[in-house]
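# Overview (structure and organization)
So the chains spell out like this:
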Amino acid sequence: MAARSLRRFGTVLSLGGAPRRGSLYFRESPCVFSTAAQQRSTGDECGPEDSRDEPKHPLSDCALEHKAIKLEEQVRDLTERYRKALADSENVRRRTQKFVEDAKLFGIQSFCRDLVEVADILEKTAESAAEEGEPSNPNPTLKKIYEGLSLIEAKLQSVFAKHGLQKMNPVGGKYDPYDHEIVCHVPAEGMQPGTIALVTQDGYKLHGRTIRHALVGVAVESQE
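To keep things clear, this report deals only with the structure shown in the data block. Nothing here was measured: the structure is a model prediction, and the numbers come from that model.

## Overview of the overall build of the chain
Within the chain, the regular secondary structure consists of five helices and six strands. Its helices and strands taken in sequence order, the chain reads α-α-α-α-α-β-β-β-β-β-β from the N to the C terminus. Every one of the 224 residues in the chain was classed for burial, and the buried ones make up 15%. Excluding contacts between residues fewer than 6 apart, the proportion of contacts in the chain whose partners are at least 24 apart in sequence is 63%. Accessible surface computed for the chain: about 18,300 Å², of which carbon and sulfur atoms make up 56%.

And the structure:
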């Protein structure tokens, strides 16, 4: 029966000739082919994303972490260099400032060395005038000269002190090689050995710096 139905269907197709455009056959077939074409045309859009949008060499977490560590090391290194440069600059500034201050304080050092020699001459002259004007040999002229020299000496020492120049008074003190120069030894009579017993030439300091050593005699134990 099925074979008979198929023969009838074939006969109808052969008698009818080419199918008409309005038939069901032609209305459905284009839909079938158009659907397949649409699927082929839109298949790329529905498929996976294009690999060209992805980076060719993506950085892994390990690479990023390594890069971050390297940058931190560079930051620490630059920070340390900056601190050292800042410290060096501060040291240079302080040394320069100290140099300028010392130049202001000790710029007259050479002048003071020459001036203390004048003070020595003035002191010895005043002592000589005092010896000549003893009560046994009164001399008004020598007395006036001595008084005038004493005033000049006092004023000179006042000017010295104003500019930071001071005379040493080492008698009875300990010997210091930075301030004193030994020229003789004397018996220690009532003094401890090693102390300064006499001064043959006064020493001077300028703002605490020794510009002329004092010539001294140091007490030693007497040998019987």
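## A few points about the sheet that holds strand β5 (residues 209–212)
Pairing is antiparallel across the open sheet formed by three strands, whose spatial order is β1-β4-β5. Strand pairing shows two members of the sheet lacking a second neighbour, β1 (165–167) and β5, which therefore form its edges. Strand-to-strand, the axes of this sheet are offset by a mean angle of 35°, without reference to chain direction. Strand direction decides the pairing type here: strand β4 (residues 204–206) and β5, joined by three bridges, are antiparallel. Within β5, the residue paired with Y204 across the bridge is R212. Relative to the sheet, helix α4 (residues 109–132) contacts β1, β4 and β5, its axis offset from that of β5 by approximately 55°.

## Notes on the pairing of strand β6 (residues 214–220)
Among the seven residues in β6, five count as buried, and that is most of the element. Judged from the seven bridges that link them, strand β2 (residues 180–187) and β6 form a sheet pairing that is parallel. Residue E181 lies in a different strand from β6, and its bridge partner there is L215. Pairing analysis gives four bridges linking strand β3 (residues 196–201) to β6, with the strands arranged antiparallel.

## Re unusual backbone geometry
Its identity is not glycine, yet H207 carries a phi of approximately 55°, on the positive side. Looking at where H207 falls in the secondary structure, it is placed in the loop between β4 and β5. Judged by its relative accessible area of 38%, H207 falls in the partly exposed class.

## Regarding the nonpolar core
Counting residues in each nonpolar core, the largest one holds 14 residues, and the members touching the most others are F160, L165, Y204, L206 and I211. Put simply, the parts of the chain that give this core at least two residues each are α4, α5 (140–162) and β4. Sorting elements by how many residues they give to this core places α4 first, with six residues. Counting five residues, the second-largest nonpolar core is a separate cluster that includes M168, I196, V216 and V218.

About the cut-offs
- Residues numbered from 1 in each chain as written.
- Predicted model: local features only at pLDDT ≥ 70, side-chain atom pairs only at ≥ 80, totals over all residues.
- Heavy atoms only, no water.
- Helix = DSSP H or I, 4+ residues; strand = E, 2+ residues; numbered from the N terminus.
- Buried < 20%, exposed > 50% of the residue type's maximum accessible area, 1.4 Å probe, protein only.
- Contact = heavy atoms within 4.5 Å.
- Areas by Shrake-Rupley, 256 points an atom, 1.4 Å probe, with all protein chains shown as cover.
- Pairing = 2+ DSSP bridges.
- Axes fitted to C-alpha atoms, helices over the stretch in contact; angles between N-to-C directions.
- Core = buried A, V, L, I, M, F, W, Y, C linked by side-chain atoms within 4.5 Å.

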